[in-house]
Amino acid sequence: MYYQEQPYASAGGRFKGRVVWSGNIWKKDVSITIMDLRFTDNGTFMCSVLNPPDVDLIVGEVRLAVVEKVTYSEMLILGIVIGGATGLVVLIVICMVTVQLCRRRREDLSVEEVEVEAELRRDERRYESKDG
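This report concerns the structure included in the present document.

## So, unusual backbone geometry
Right, so step 1: Of note, the phi angle at Asp-36 is positive, near 50°, even though the residue is not glycine.
Right, so step 2: Take Asp-36: its relative accessible area is 60%, and that puts it in the exposed class.

Next comes the structure, spelled out in structure tokens:
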């Protein structure tokens with residue numbers, strides 16, 4: 001791909017005509033860009049670099065995962081579905097809390113009514129016993 005400070009296009013292989021040199025040899029960056037990725041390009045690739053006069057070959061491993069590009073409308077639909085489900089859960093929780101509060105108020109009112117009735121009966125008995 002790169003020889004004596006000059007980039008060279010791949011002469012063959014599965015990426016023929018789709019690989020562009022995007023690195024900077026002076027910064028020790030040997031990056032490439034693969035254009036028009038396909039699902040068949042998925043895989044693990046080995047990259048080897050030999051920088052003469054070095055005698056050690058440097059080997060790197062790259063995992064390429066090609067995924068489908070999501071359109072704006074798909075993201076919008078997904079956002080609406082998630083937002084709607086979240087809103088529904090919040091609404092259910094609010095309804096449950098409201099019902100619980102209403103039940104407690106009713107129970108408190110019935111206890112107060114019983115207490116008031118008992119107090120009235122006591123007062124009536126006192127009044128009757130004084131008149132009696």
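That was the structure; now back to the text.
## Concerning the pattern of salt bridges
Right, so step 1: A complete count under the given rule lists two salt bridges for this structure.
Right, so step 2: In this structure, the salt-bridge partner of Arg-18 is Asp-41, at a minimum N-O distance of 2.8 Å. Here Arg-18 is found in the loop between strand E2 (6-7) and strand E3 (19-21), whereas its partner Asp-41 is found in the loop between strand E4 (32-34) and strand E5 (43-49), with 23 residues between them in sequence.
Right, so step 3: Overall, the relative accessible area of 2% leaves Asp-41 in the buried class.
Right, so step 4: Between Glu-61 and Arg-63 there is a salt bridge, with its nearest N and O atoms 3.2 Å apart.
Right, so step 5: By relative accessible area, Glu-61 is classed as partly exposed at 46%.
Right, so step 6: Among the residues examined, Arg-63 registers a relative accessible area of 67% and is labelled exposed.

Conventions and cut-offs
- Residues numbered from 1 in each chain as written.
- Predicted model: local features only at pLDDT ≥ 70, side-chain atom pairs only at ≥ 80, totals over all residues.
- Heavy atoms only, no water.
- Buried < 20%, exposed > 50% of the residue type's maximum accessible area, 1.4 Å probe, protein only.
- Salt bridge = Lys/Arg side-chain N within 4 Å of Asp/Glu carboxyl O.
- Helix = DSSP H or I, 4+ residues; strand = E, 2+ residues; numbered from the N terminus.

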